Amino acid sequence: MPLDLMSQGSNPNFFNTEHTLAQRIRWVDDLIKQKIPKVNRIAVAVYDEKTDVLKTFVHSTDIENPLPLYECKLSDAPALLAISQSGKPRVINQMSDLP
C-alpha cells in the first residue's frame, strides 16, 4: 500500500514552505519510518546523462554522511548500472557490507 504523505497528521503545506531540501527528505524519511520502522536512511543521487556522472545529492542519515560528495561514472559502477537498467530500488541491509 503506498504511503500517503498527506495523512497521519502531516503538514500538507510542508513542501510549499521555506524548508531546505534536507529538511524535506528528513520529513519524508520520518513518514516512511511510521510505516516501515526498519528503514534508517533514504538517499538521493543525481545523474548527468551527458557526462555519465552519478553524484550523491541528499540523504536522511542521522549520523555523519557515509558518502559525502561522492561521484563516479555510472558505467564504472556495475551494481548501480544494473539498478538503473532494471528500475528496481537498491536496498542495503548493512552499510558495513559495502566495499
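One can find the structure itself at the top, above this paragraph.
Here is a short report on the structure shown in this document.

Criteria and cut-off values
Residues numbered from 1 in each chain as written. Predicted model: local features only at pLDDT ≥ 70, side-chain atom pairs only at ≥ 80, totals over all residues. Heavy atoms only, no water. Helix = DSSP H or I, 4+ residues; strand = E, 2+ residues; numbered from the N terminus. Buried < 20%, exposed > 50% of the residue type's maximum accessible area, 1.4 Å probe, protein only. Areas by Shrake-Rupley, 256 points an atom, 1.4 Å probe, with all protein chains shown as cover. Patch = residues over 30% accessible without salt bridge, like charges linked within 9 Å, V, L, I, M, F, W, Y side chains within 5 Å. Salt bridge = Lys/Arg side-chain N within 4 Å of Asp/Glu carboxyl O. Expected span 1.5 Å × (residues − 1). Lys, Arg positive; Asp, Glu negative; His and termini not counted. Polar contact = N/O pair within 3.5 Å; in protein donor to acceptor, adjacent residues only side chain to side chain. Contact = heavy atoms within 4.5 Å.

### Re the overall build of the protein
Helix and strand content of the protein: 2 helices and 3 strands. Seen in sequence order, the protein has helices and strands lined up from the N terminus as α-β-β-β-α. Going through the 99 residues of the protein one by one, you find that 18% of them count as buried. A total accessible area of about 7,700 Å² is found for the protein, and carbon and sulfur atoms account for 57% of it.

### Let's talk about a nonpolar patch on the surface
A cluster of nonpolar side chains, Leu21, Val44, Val46 and Phe57, forms an exposed patch at the surface whose accessible area comes to about 330 Å². Summarising the element assignment, Val46 is placed in strand β1 (residues 43-48).

### Considerations on helix α1 (residues 21-35)
The α-helix winds at 3.6 residues per turn, so residues separated by three or four positions along the chain end up facing the same way. Here α1 contains 15 residues, and its C-alpha end-to-end distance of 22 Å stays within 8% of the 21 Å for a straight helix at 1.5 Å per residue. All of the buried residues along α1 are Arg24, Ile25, Trp27, Val28, Asp29 and Leu31.

### Structural notes on the pattern of salt bridges
Tallied over the entire structure, the rule returns 3 salt bridges. Put simply, Asp29 and Arg26 hold a salt bridge, and the shortest N to O gap is 2.8 Å. Pair noted here: Asp29 and Arg26 are both in helix α1, with a separation of 3 residues, about one helical turn. Take Asp29: its relative accessible area is 0%, and that puts it in the buried class. Note that Asp29 is salt-bridged to Lys33, the shortest N-O span being 3.0 Å. Separated by 4 residues within a single helix, Asp29 and Lys33 lie in helix α1, roughly one turn from each other. Put simply, Arg26, Asp29, Asp30 and Lys33 are held in one network by salt bridges that share partners.

### Comments concerning unusual backbone geometry
Within the chain, Asp52 stands out as a residue other than glycine whose phi angle is a positive 65 degrees. Tracing the chain through its elements places Asp52 in the loop between β1 and β2 (53-59).

### Remarks on the side chain of Asp52
No salt bridge is formed by the buried Asp52, whose closest oppositely charged neighbour, Lys73, lies at an N-O distance of 5.2 Å. Separated by 2.8 Å, the side chains of Asp52 and Tyr47 make a polar contact. Once you skip the residues sitting within four places of it in the chain, Asp52 turns out to touch Tyr47, Cys72, Lys73, Leu74 and Ser75.

### A closer look at the environment of Ala79
Within the secondary structure layout, Ala79 lies in helix α2 (residues 78-86). Spatially, the C-alpha atoms of Ala79 and Arg90 are 9.2 Å apart, while their sequence positions differ by 11 residues.

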